[in-house]
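# Analysis of the macromolecular model
Each chain, written out:
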Amino acid sequence: MKLSAILLLSVVGLCAVYAADVVDGEVTDDGPKTVQEEESLDIGASPDAGLAFHFVQPADANVVHEFYTGKPVKFLIGFQNKGEKDFVVKYSETSFRFPTDYNYHLQNFTRGEYNRRVAPKEEVTLDYGFYAHETFAGRPVGLVVNVHYQDADGNAFVNNVFNQTVNILEDDSGFSGETGFLFIFFVALSIGGLYLANQFLSKLSRKSGLSKRRVVEQGTSSEVDFEWIPRDAVKNKEKRSPVAGSPKARKTAKKTD
Amino acid sequence: MKFSLLILAWFVSVDASARVLIGKNMLSTYPLAHKQNVFEYQIVNIGNTSAINVELHDRDSFPTDRFEILKGSPNTKFAEIPPQMTVYHHVVVVPRNVQPIEDKNVTVDYTDSETKQVSHVSTLWYSKGRFTHYLHEDALKAVIGTSSKPFLGFAAIALPFTALSSLFYFRSKSRYSVTKQN
């Protein structure tokens, strides 16, 4: 009785759910999306495929997961067919994800289209490269690399070959125009500041009377330049007695003599 | 517990072997005919054992009637590549003509030092059927060359101001200079 009641209730519940969708009249286009989501959940790796991943540039990226902006990042993907049927490696997809939520895509890179047939017991190496944009400088991002392939029967497979958080660093090895002009600007500012300070200090010194000592005129030096004076005039002056004083004083001097 | 650990260790040891990956890059900025083009091969052993008798084959990419090989050889041998090591090999070629060249497979044959198993790895630089176009240097002049027009334009704008100003200054100095008297 209990079981039959539970079954009846569950059937009624299911009907109610579908009925509600019909009654609401909502036209949803969830069909294809739902199928795609189901496919992504179901698609996995093939046991007959052995994949390997290795960074070739930068050389130490395999140990230290750090990339520089503006510099190429290259890696190799090894695909080994351990089965008895052909595989076709379709493409690889590389993307940056939010480090704490890998379902949130920050950037999707262009697919690496290979369409390479791999015979049984054959190994191939595929390569791909990308550049990290400078907007990602100084932050960690999740790097995800997936390889899509299918077997001879048309079954699709996806293999995640890299799924880790990497650090994107700013490349400051080369000369930066911004830094150079900033340096020139600061030099010009400092020179302008020194000039203004000099002007201000000189004004202050003038106001407070701390001016330079004025040179007091004390007449010409005793050394006379005789080059422009005729020699005759000099001789005549030497002949005459050195009588000083005014004509009146000279008369009184004569009278006393 | 111990028995399961032993089984796990056995499985791990069974998978230990040499595994080689190949990469090929063109180090020159542009593929130019009648100029030296440098290619770099990276042979990486990501396995746990050494790869011995490693042979690189890429002769098909550089037919001798179309390329002159200056340095290195597209076919070369390495005695041993230790585990977790990368070997670099460089080839310098000069294309004889302006031409598109189809990209061919690069193959590496190697032997595992432990199991003596011979493996064959190939790589496809770009995708099959693509061509690398070796261009003439003149075709890239607009991209890689420097034009004198911007410099001439700058000189035409800057020279009148700087030359005239200096001319006026020296004329004034020569006419009206006053020697200082202490």
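Residues numbered from 1 in each chain as written. Chains lettered and ligands numbered in written order. Predicted model: local features only at pLDDT ≥ 70, side-chain atom pairs only at ≥ 80, totals over all residues. Heavy atoms only, no water.

Per an unreviewed UniProt entry, chain B goes by the name Translocon-associated protein subunit beta and belongs to Caenorhabditis remanei.

With an unreviewed UniProt entry as reference, chain A is termed Translocon-associated protein subunit alpha, source organism Caenorhabditis remanei. UniProt annotates chain A under Subunit (unreviewed entry) with the comment "Heterotetramer of TRAP-alpha, TRAP-beta, TRAP-delta and TRAP-gamma. Interacts with palmitoylated calnexin (CALX), the interaction is required for efficient folding of glycosylated proteins." Listed under Sequence similarities (unreviewed entry) in UniProt, the entry text for chain A is "Belongs to the TRAP-alpha family." (UniProt positions renumbered as here; feature names shortened; annotations may be inferred.)

For chain B, the count of helices and strands is three helices and ten strands. If you take every contact in chain B between residues at least 6 apart in sequence, the share linking residues at least 24 apart comes to 68%. For chain B, the exposed surface amounts to about 11900 Å²; the carbon and sulfur share of it is 59%. (Helix = DSSP H or I, 4+ residues; strand = E, 2+ residues; numbered from the N terminus. Contact = heavy atoms within 4.5 Å. Areas by Shrake-Rupley, 256 points an atom, 1.4 Å probe, with all protein chains shown as cover.)

Residues and elements named next belong to chain B. A sheet is described by the order of its strands in space; here four strands give the open sequence β1-β2-β6-β4, paired in antiparallel fashion. Either end of the sheet is taken by a strand with one partner, and the two such strands are β1 (20–26) and β4 (67–71). Within this sheet the neighbouring strands show an average axis-to-axis angle of 30 degrees, counted without direction. By the bridge criterion, four bridges tie β4 to strand β6 (residues 85–95) in an arrangement that is antiparallel. Bridge pairing in β6 links Lys71 to Val92. (Pairing = 2+ DSSP bridges. Axes fitted to C-alpha atoms, helices over the stretch in contact; angles between N-to-C directions.)

Three- or four-residue spacings in an α-helix give side chains the same orientation, since the helix completes a turn every 3.6 residues. All names here are of chain B. Here helix α3 (residues 149–176) spans 40 Å end to end across 28 residues, near enough to the 40 Å set by a 1.5 Å rise per residue. At Ala158, α3 is bent by approximately 40 degrees, the largest bend along its length, and proline Pro160 sits one to four residues beyond. Buried residues are scarce in α3, accounting for zero of its 28 residues. (Expected span 1.5 Å × (residues − 1). Bend = angle between axes of the 7 residues up to and from the residue. Buried < 20%, exposed > 50% of the residue type's maximum accessible area, 1.4 Å probe, protein only.)

Turning next to the interface of chain B and chain A. With 22 residues of chain B at the contact, the number on the chain A side is 18 residues. Here chain B packs against chain A, burying approximately 1500 Å² in sum over the two surfaces, 45% of which is carbon and sulfur. Three residues stand out in chain B for area buried against chain A, namely B:Arg19, B:Leu21 and B:Ser122, and they jointly supply 35% of the buried area on that side. Taking the shortest distance from any N to any O, the salt bridge between A:Glu123 and B:Arg19 comes out at 3.7 Å. Viewed at the interface, chain A and chain B are joined by nine residue pairs in polar contact (both at pLDDT 80 or more). When contributions to the side of chain B that touches chain A are tallied by element, the ones reaching two or more residues are β1, β2 (37–45), β6, β8 (105–112) and β9 (118–124) of chain B. Grouping the constituent residues of the side of chain B that touches chain A by class yields ten nonpolar, ten polar and two charged. Sheet topology places strand β7 (residues 123–131) of chain A next to β9(B); three bridges connect them, and they run parallel. Among the inter-strand pairings, A:Val124 is bridged to a residue of β9(B), identified as B:Ser122. (Buried area = accessible area lost by both parts, 1.4 Å probe. Salt bridge = Lys/Arg side-chain N within 4 Å of Asp/Glu carboxyl O. Polar contact = N/O pair within 3.5 Å; in protein donor to acceptor, adjacent residues only side chain to side chain. Nonpolar A, V, L, I, M, F, W, Y, C, P; charged D, E, K, R; others polar.)

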